[in-house]
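Below, each chain spelled out in residue letters.
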Amino acid sequence: MAEGETEKEYDTRKALEELRERFQGLTTALKESSQSPLEASLRFCQEFCQVLVENAGRWKTDEDPLPLLEVYTVAILSFAKANSCLYSECENVPLLLEKLALSCAELLLLMPQHVPGALWEGFQSSMKLAHSLLQESGSTQLCLLSILAQQDGVWSNDTLSSIMSNQIPQTEQVHEYLELEGATLLNMRIKHLIKVDSVDKAAVLAKMCSEYPGYEGKGNFKQTYLLCICMTKSQEQLMDEIASIDCKDESNRKQSLTIICTKIPSLLSTLQRQTLCLVLKER
């Protein structure tokens, strides 16, 4: 045990060392396999998942998210290093990578405001290397994590903080941020905010995304925004917000009507829903 290291920290460090060794063993077996490239790759993916589940199961997301982040960091970098040995036509390879990236991103959104510096720096350097290795084979599954790793923290972006505080920066700055983050990550942020009862913040962010021309046809930001305001606004405020929504586009109008009439019946009275539907139909 290192000087100043707690027993819990020691156990975590030893578990991560063992995890790296197990992943390295899988990579070695992959390289030396006498099976066909497809069979060897399928086996690698299956055993990789088993090892990851066994080790991740030691910690609970709501109690020990930081060790779990280290587990995902080790797993993603290990997979990226093995990627060049995997059969390019094996469908499980990109699927596993995508699930790894999404699971890690979801975990990151649950992180405290400031992840300890050394841990965050380790994540940043690992994602940079992993993304670079995967790009060599044309893989883009780590783009989302690469974007997060370029920032000082999961929720620390100045533009994002301003948006969620309803202190909206200049349009050019907002658009630059939205383009950098991408629709997938922003959609995950909004869903997380709704889940933790920060619906007001989710509404502001969803509105910004719905108004960004670059996201036209991507995600359901306008409908998510509509759902958020139905959860947070008074009837008078809600009517004002609904009246300001651009529903000239036929598909968007129909989606908005669907949200109001079928997806949120418990949030509005029958009279409110009928009134809002009439407003949208008349526009």
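Residues numbered from 1 in each chain as written. Predicted model: local features only at pLDDT ≥ 70, side-chain atom pairs only at ≥ 80, totals over all residues. Heavy atoms only, no water.

Caption draft 1: Examining the side chain of H192 more closely. Position of H192 relative to the elements: it lies in helix α9 (residues 183-195). Residue class for H192 comes out buried when judged on its relative accessible area of 12%. In terms of polar contacts, H192 uses its side chain to reach the backbone carbonyl oxygen of L109, at 3.1 Å. When residues no more than four places from it in sequence are discounted, the contact partners of H192 are L109, L110 and W155. (Helix = DSSP H or I, 4+ residues; strand = E, 2+ residues; numbered from the N terminus. Buried < 20%, exposed > 50% of the residue type's maximum accessible area, 1.4 Å probe, protein only. Polar contact = N/O pair within 3.5 Å; in protein donor to acceptor, adjacent residues only side chain to side chain. Contact = heavy atoms within 4.5 Å.)

Caption draft 2: Representation of the nonpolar core in the model. In this structure, F23, F48, L69, F79, L108, F123 and L145 are the most contacted members of the largest nonpolar core, which totals 80 residues. Here the element with the most residues in this core is helix α3 (residues 65-82); it accounts for 11 residues. (Core = buried A, V, L, I, M, F, W, Y, C linked by side-chain atoms within 4.5 Å.)

Caption draft 3: Seen up close, the packing of aromatic side chains. Counted by the stated rule, this structure contains 7 aromatic pairs. Arranged with centres 5.7 Å apart and planes meeting at 35°, the rings of F44 and F48 form a pair that is tilted. In this pair, F44 and F48 both sit in helix α2 (residues 37-56), 4 residues apart, roughly one turn of the helix. With relative accessibility at 3%, the residue F44 sits in the buried group. Its relative accessible area of 0% is what places F48 among the buried residues. One aromatic cluster is present, formed by F23, F44, F48 and F79 through successive ring pairs. When the ring centre of W155 is taken as origin, the NZ or CZ atom of R189, which lies over that ring, is 4.8 Å away. (Phe/Tyr/Trp six-rings, centres within 6.5 Å; stacked < 30°, edge-to-face > 60°. Lys NZ or Arg CZ within 6 Å of the ring centre and 35° of its normal.)

Caption draft 4: Spatial organisation of the layout of surface pockets. Looking at the largest pocket, its volume works out to about 600 Å³. Going through the elements one at a time, α1 (7-32), α3 and α5 (117-135) are the ones with two or more residues in the lining of the largest pocket. Examining the composition of the lining of the largest pocket, we find that 9 residues originate from one element, α3, more than from any other. Across the lining of the largest pocket, the residue classes break down as 11 nonpolar, 7 polar and 7 charged. (1 Å grid on protein atoms, 1.4 Å probe; cavity = no way out; pocket = protein on both sides within 12 Å on 5 of 7 lines; lining within 4 Å. Points joined across faces, edges and corners; volume = space filled by probe spheres on them. Nonpolar A, V, L, I, M, F, W, Y, C, P; charged D, E, K, R; others polar.)

Caption draft 5: Molecular detail of the packing of α3 against α5. Closest axis-to-axis distance for the α3/α5 pair is 9 Å, and the angle between their directions is 20°. As judged from the angle between their axes, α3 and α5 are roughly parallel. The two elements α3 and α5 meet at a crossing, and its hand is left-handed. Contact with α3, carried on its side by L66, L69, E70, T73, I76, L77, A80 and K81, involves L119, G122, F123, S126, M127, L129, A130, L133 and L134 of α5 and no other residues of that element. Across the contact of α3 with α5, the residue classes tally to 12 nonpolar, 3 polar and 2 charged. (Axes fitted to C-alpha atoms, helices over the stretch in contact; angles between N-to-C directions. Parallel < 35°, antiparallel > 145°, perpendicular 65-115°, else oblique. Left-handed = near helix turned anticlockwise from the far one by under 90°.)

Caption draft 6: Expanded view of a nonpolar patch on the surface. A cluster of nonpolar side chains, contributed by L38, L42 and Y87, occupies part of the molecular surface with about 230 Å² of accessible area. Within the secondary structure layout, L38 lies in helix α2. (Patch = residues over 30% accessible without salt bridge, like charges linked within 9 Å, V, L, I, M, F, W, Y side chains within 5 Å. Areas by Shrake-Rupley, 256 points an atom, 1.4 Å probe, with all protein chains shown as cover. Salt bridge = Lys/Arg side-chain N within 4 Å of Asp/Glu carboxyl O.)

Caption draft 7: Main features of the pattern of salt bridges. Here the structure, examined in full by the defined rule, presents 7 salt bridges. Note that R13 is salt-bridged to E17, the shortest N-O span being 3.3 Å. In this pair, R13 and E17 both sit in helix α1, 4 residues apart, roughly one turn of the helix. Here E17 falls in the partly exposed class, since its relative accessible area comes to 28%. Connected through salt bridges with shared partners, the residues R13, K14 and E17 form a single ionic network.

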